[in-house]
Amino acid sequence: MSERVVAAIDQGTTSTRCLLFNRAGRMLAVAQREHRQHYPRPGLVEHDAAEIWRNVTRVVPAALKSAGLTPDDIVGLGIANQRETTVIWDRHTGVPLARAITWQDTRTDGIVARLVEDGHAPLITSICGLPPATYFAGPRLRWLLDHVPGAREGAEAGDVLFGTMESWLIWRLTGRHVTDVTNASRTMLMDVRTLQWSDKLLDVLRVPRRMLPEIRPNAEVYGTCGTLLPGVPVAGALGDQQAALVGQVCFAPGEIKCTYGTGAFLLMNTGHRLAESTHGLIPTVGYLFGDTPVYALEGAIAVTGSLVQWFRDSLGMIGTAAQIETLASTVPDNGGCYIVPAFSGLYSPRWHPEARGVMVGLTSFINRGHLARAVLEATGWQTREVVDAMNADSGVPVARLKVDGGMTANHLLMQFVADVLDVPVERPLGSEAVSLGAAYAAGLAVGYWPDLEVLRANWHRAAAWEPAMDDALRRREHENWGRAVNRSYGWVQSPSAD
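Predicted model, so just to flag it, every value in this text is computed and none were measured.

Engineer: Could you give an account of the packing of aromatic side chains, with specific residues and numbers?
Structural biologist: Applying the stated criterion to the full structure yields 15 aromatic pairs. Taking 5.6 Å as the distance between ring centres and 55 degrees as the angle between the ring planes, the aromatic pair formed by W89 and W171 counts as tilted. Of this pair, W89 sits in strand β6 (residues 86-90) while W171 sits in helix α6 (residues 165-174), and the two are 82 residues apart along the sequence. Each of the two residues, W89 as well as W171, counts as buried. Measuring from centroid to centroid gives 5.0 Å for Y135 and F136, while their planes differ by 40 degrees, and the two rings are tilted. Each member of the pair Y135 and F136 is classed as buried.

As structure tokens, then:
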């Protein structure tokens with residue numbers, strides 16, 4: 001008799017995957033399909049939500065086939081998703097009205113600038129906890145309503161629906177229009193204390209309430225699949241970074257994780273206290289299992305893994321992403337070269353949307369190996385800036401960092417992160433923390449796992465890196481990095497409001 005398992009859909013920035021997990025939290029199978037990245041103009045990044053749904057319909061059966069299982073073997077389905085990516089669709093036909101605008105897109109800089117100029121920033125931050133920024137979904141929704149023909153009229157009539165990607169997938173699977181509280185907390189439209197849509201913020205951003213999904217907890221049966229996995233409950237959903245917080249079992253205040261993917265995202269559990277930041281971090285909902293939310297402080301880094309992709313695809317310096325470690329290992333240091341990947345501005349903790357990427361310290365001595373090392377070191381130094389901000393905000397220095405994501409396979413990078421943080425870095429057995437967190441949420445909802453302590457017992461360390469950098473070298477390189485970042489400021493002129 002086959003073992004019953006939990007399925008997770010991990011709808012990410014570059015691909016969609018389906019993974020199957022057993023009671024020990026071990027991955028039994030995975031299937032993956034990439035989707036196309038659309039770049040209509042500089043600063044604009046879009047996805048085809050219909051293409052992503054088609055990929056879901058392919059990866060779920062593929063994962064089941066790989067494991068030799070059927071839908072009857074699945075006790076529940078959880079979803080993790082790229083956050084802030086925004087889609088609107090016709091309630092009656094299910095057809096998106098436009099391509100989804102991704103979290104990396106900066107077209108809403110004019111909308112955000114107007115919000116700040118009109119004095120709305122204090123109100124926005126006081127209600128949702130977020131600073132007005134192009135990063136969040138609300139301004140993207142406003143842009144779509146203003147620019148897509150028929151969108152506003154359809155939304156006001158109740159015919160056009162909005163959602164982030166988990167909401168879109170739940171609707172396609174079950175027909176129910178809901179969102180989970182972690183994704184809702186990234187819209188700039190939700191009251192972070194009441195966990196409900198804020199009428200004041202809806203008015204400021206001119207968003208019709210009728211198009212919004214219902215906000216629900218992270219572990220709950222939202223509905224049963226009418227297609228793909230007939231009868232299987234869709235029972236969990238989290239934004240990908242909150243899913244990783246759960247997958248890394250950071251259930252105690254002060255525990256911190258960093259997920260290294262397209263970008264890098266550090267979250268610190270702050271318990272039931274909504275911690276305000278004075279150092280450029282984002283207070284957000286960590287997860288809601290039951291009635292009382294657990295909050296987190298987040299530091300968001302826009303470009304980490306995507307910098308390696310740029311180095312591979314746009315510059316042609318390497319053939320595969322994994323080759324960057326080999327190339328960087330051909331030199332002992334960066335040769336005085338620093339790369340600041342402010343491709344979409346700078347996120348936490350600096351928040352400079354007008355910044356753009358720079359490469360400094362070039363001399364005739366610099367070769368491909370130095371550039372490769374500078375690419376990796378950029379991720380390490382950006383991590384250091386966020387950890388410094390978390391130490392300052394929390395008053396409790398980070399003692400160790402749990403890491404997950406594809407970049408953690410790069411031992412040179414992980415050692416550099418440990419060196420610049422001067423704390424141990426730990427990776428769990430299996431680096432699929434995002435997908436595992438979504439599975440945990442669904443499994444908790446259907447009783448597959450009884451409580452959080454059982455999940456904590458599933459965590460096992462697979463690798464660790466201890467700091468080994470000389471203090472004087474760490475201070476000198478940190479200063480050089482700061483000088484390089486300062487040269488990235490001010491490259492984009494003040495935007496117009498459209």
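Engineer: Could you give an account of the environment of V403, naming the residues involved and the relevant values?
Structural biologist: Relative to the elements of secondary structure, V403 occurs in strand β21 (residues 401-404). Spatially, the C-alpha atoms of V403 and L228 are 33 Å apart, while their sequence positions differ by 175 residues. Apart from the residues lying within four places of it in its own chain, the contact partners of V403 are Q248, C258, Y260, T408, M414, V425, E426, R427 and P428.

Engineer: Describe in detail helix α3 (residues 121-128), supporting the description with residues and values.
Structural biologist: Residues separated by three or four positions in an α-helix point in the same direction, a consequence of the helix having 3.6 residues per turn. Within α3, burial applies to A121, I124, I127 and C128. All buried residues of α3 project into a common sector of 145 degrees when viewed along the axis, lining one side.

Engineer: Can you break down the packing of helix α12 (residues 368-394) against helix α16 (residues 471-486) residue by residue, with the values?
Structural biologist: With their axes 11 Å apart at the nearest point, α12 and α16 run at an angle of 95 degrees to one another. The angle between α12 and α16 falls in the class roughly perpendicular. Contacts from E377, A378, W381, Q382, R384, E385 and D388 in α12 reach R474, E477, H478, W481 and V485 in α16. Tallied by class, residues from the contact of α12 with α16 come to 4 nonpolar, 2 polar and 6 charged.

Engineer: Residues and numbers for the packing of α12 against helix α13 (residues 411-421), please.
Structural biologist: The contact between α12 and α13 brings their axes to 9 Å, and the two run at 40 degrees. Accordingly, the angle class assigned to the pair α12 and α13 is oblique. Regarding α12 and α13, the two cross each other, and that crossing is right-handed. Together, R373, L376, E377, T379, G380, W381, T383, R384 and V387 of α12 and L412, L413, F416, V417, V420 and L421 of α13 make up the contact between the two elements. Looking at the contact of α12 with α13, its residues break down into 9 nonpolar, 3 polar and 3 charged.

Engineer: Tell me about helix α10 (residues 305-313), residues and numbers included.
Structural biologist: G305, S306, L307, V308 and F311 are the residues of α10 that are buried. Elements in contact with the buried residues of α10: α11 (323-328), β19 (338-340) and α12.

Engineer: I'd love a proper account of the pattern of salt bridges, names of residues and values included.
Structural biologist: Side chains that differ in sign of charge can pair as their charged atoms come close. This model, assessed by the stated rule, comprises 28 salt bridges. Between E84 and R186 there is a salt bridge whose closest N-O contact spans 2.8 Å. Of this pair, E84 sits in the loop between β5 (74-81) and β6 while R186 sits in the loop between α7 (181-184) and β10 (190-191), and the two are 102 residues apart along the sequence. With a shortest N-O distance of 2.6 Å, R350 and E385 are connected by a salt bridge. Taken as a pair, R350 in the loop between β19 and β20 (358-360) and E385 in helix α12 lie far apart in primary sequence, 35 residues in all. Each member of the salt-bridge network shares a partner with another, and the members are R83, E84, R186, D240 and E298.

What counts, and where the lines are drawn
- Residues numbered from 1 in each chain as written.
- Predicted model: local features only at pLDDT ≥ 70, side-chain atom pairs only at ≥ 80, totals over all residues.
- Heavy atoms only, no water.
- Phe/Tyr/Trp six-rings, centres within 6.5 Å; stacked < 30°, edge-to-face > 60°.
- Helix = DSSP H or I, 4+ residues; strand = E, 2+ residues; numbered from the N terminus.
- Buried < 20%, exposed > 50% of the residue type's maximum accessible area, 1.4 Å probe, protein only.
- Contact = heavy atoms within 4.5 Å.
- Arc of directions from axis to C-beta.
- Axes fitted to C-alpha atoms, helices over the stretch in contact; angles between N-to-C directions.
- Parallel < 35°, antiparallel > 145°, perpendicular 65-115°, else oblique.
- Nonpolar A, V, L, I, M, F, W, Y, C, P; charged D, E, K, R; others polar.
- Left-handed = near helix turned anticlockwise from the far one by under 90°.
- Salt bridge = Lys/Arg side-chain N within 4 Å of Asp/Glu carboxyl O.

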